[in-house]
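Structural description and commentary
As a plain string of letters, each chain reads:
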Amino acid sequence: MKSTLLAAALAVSATAAFASAEKYVLDPSHSQVIFNYDHLGFSTTYGMFSGFEGEIMFDQENPAASSVTVSMPVMEMFTGWKPREDHFMTEDFFGAAEGDLITFVSTGIEVTGDDTANITGDLTMNGVTKSVVLDAKLNKVDNHPMANKPWAGFNATTTLVRSEFDLGQFAPFVSDEVQVQISVEAQKAE
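Residues numbered from 1 in each chain as written. Predicted model: local features only at pLDDT ≥ 70, side-chain atom pairs only at ≥ 80, totals over all residues. Heavy atoms only, no water.

1. Considering the overall build of the protein
- Looking only at helices and strands, one finds two helices and ten strands in the protein.
- Reading the protein from its N end, one meets helices and strands in the order α-β-β-β-β-β-α-β-β-β-β-β.
- Reported as C-alpha extents along the three principal axes, the dimensions of the protein are approximately 60 × 50 × 35 Å.
- Considering the protein as a whole, with its 190 residues, one finds that 33% of them fall into the buried category.
- Restricting to contacts in the protein with at least 6 residues of sequence separation, those with at least 24 account for 51%.
- By element, 57% of the accessible surface of the protein is carried by carbon and sulfur atoms, the whole surface being about 11000 Å².
- Between the averaged position of the 10 positive side-chain charges in the protein and that of its 26 negative side-chain charges there is a distance of 4 Å. (Helix = DSSP H or I, 4+ residues; strand = E, 2+ residues; numbered from the N terminus. Buried < 20%, exposed > 50% of the residue type's maximum accessible area, 1.4 Å probe, protein only. Contact = heavy atoms within 4.5 Å. Areas by Shrake-Rupley, 256 points an atom, 1.4 Å probe, with all protein chains shown as cover. Lys, Arg positive; Asp, Glu negative; His and termini not counted. Charge placed at Lys NZ, Arg CZ, Asp CG, Glu CD.)

Written as structure tokens, this is what we have:
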């Protein structure tokens, strides 16, 4: 009986914790992940993912109770040079097929300032899941002037070690560390 009451109490408190979180869905036209890496010491090479999907359960009063889930098609990567994109999709790197996704699911949020937080989550890429930490900043929460809806914007950064995701071809000549910059806008769900 005690365990049933404890389970019920935990369920009620968990429901209360998420009751103030509001669902926001990513605006695919204004959400990007930009990555860069050192190429043989000669240049910094850039790539981007955009047009992806995701949702944020955003609790503005208690940001630590928020969560984020994002998925992006691997084959939507853009580097500005089609032969490089094609090479990234080969067995040298992703071995990607239509429908393959990169996903991020938050597992915890540590508030670090008035508008900053470290978002820890599981990043799954190339069939490998690793915990990563995003250094995130809330840019703005307001009514969107054109859409006339509540809107939120966030930026985040992290560094990934590509060999940890079985993407280490040509390392260390091509840097194993990849710098990632994320910028997303999200609208409050109807």
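2. What to know about unusual backbone geometry
- At the junction of Ala171 and Pro172, the peptide bond is cis and its omega measures out at 5 degrees in the coordinates.
- Its identity as a non-glycine residue notwithstanding, Asn148 has a phi of 55 degrees, on the positive side.
- One can find Asn148 in the loop between β8 (128–143) and β9 (150–161).
- We classify Asn148 as exposed; its relative accessible area is 59%.
- Look at Asp166: it is not a glycine, yet its phi comes out positive at around 55 degrees.

3. With respect to the nonpolar core
- Formed by 42 residues in total, the largest nonpolar core has its most connected members in Phe49, Phe52, Ile56, Phe94, Ile102, Leu123 and Met125.
- In terms of residue count, the dominant contributor to this core is strand β10 (residues 177–188) (five residues).
- Every residue in contact with Phe49, bar those within four places of it in the chain, is listed here: Ser31, Gln32, Val33, Phe35, Met72, Pro73, Val74, Glu76, Met77 and Ile102. (Core = buried A, V, L, I, M, F, W, Y, C linked by side-chain atoms within 4.5 Å.)

4. A word on the pattern of salt bridges
- The final tally for this structure, using the stated rule, is five salt bridges.
- The partner of Glu55 in a salt bridge is Lys23, with the nearest N and O atoms 3.3 Å apart. Of this pair, Glu55 sits in strand β4 (residues 53–58) while Lys23 sits in strand β1 (residues 22–26); the two residues are 32 residues apart in sequence, bridging distant segments of the chain.
- Owing to a relative accessible area of 30%, Glu55 belongs among the partly exposed residues under this scheme. (Salt bridge = Lys/Arg side-chain N within 4 Å of Asp/Glu carboxyl O.)

5. Notes on the layout of surface pockets
- As a volume, the second largest pocket reaches approximately 210 Å³.
- For the lining of the second largest pocket, the secondary-structure elements that each account for two or more residues are β8, β9 and β10.
- In terms of residue class, the lining of the second largest pocket is made up of four nonpolar, seven polar and three charged. (1 Å grid on protein atoms, 1.4 Å probe; cavity = no way out; pocket = protein on both sides within 12 Å on 5 of 7 lines; lining within 4 Å. Points joined across faces, edges and corners; volume = space filled by probe spheres on them. Nonpolar A, V, L, I, M, F, W, Y, C, P; charged D, E, K, R; others polar.)

6. Structural notes on the pairing of strand β3 (residues 43–50)
- As defined by bridge partners, strand β2 (residues 32–39) adjoins β3 across eight bridges and the pair is classed as antiparallel. Counted as the bridge partner of Ile34 is Met48 from β3.
- Counted along the chain from β2 to the antiparallel partner β3, the turn is three residues long, and its residue Leu40 has a positive phi close to 60 degrees. (Pairing = 2+ DSSP bridges.)

7. Digging into the side chain of Asn36
- With respect to the helices, strands and loops of the structure, Asn36 is situated in strand β2.
- Residue contacts for Asn36: discarding those within four places in its chain leaves Thr44, Thr45, Tyr46, Glu177, Val178 and Gln179.

8. A short note on the pairing of strand β7 (residues 116–125)
- The alternating pattern of β7 places Ala117, Ile119, Gly121, Leu123 and Met125 on a buried face, while none of Thr116, Asn118, Thr120, Asp122 and Thr124, on the opposite face, is buried.
- Two elements, β7 and β8, share ten bridges in a ladder whose sense is antiparallel. Bridge assignment links Thr120 to a residue of β8, and that residue is Val133.
- If you look at the hairpin formed by β7 and β8, you'll find two residues sitting between the two strands, and Asn126 has a positive phi there, around 60 degrees.

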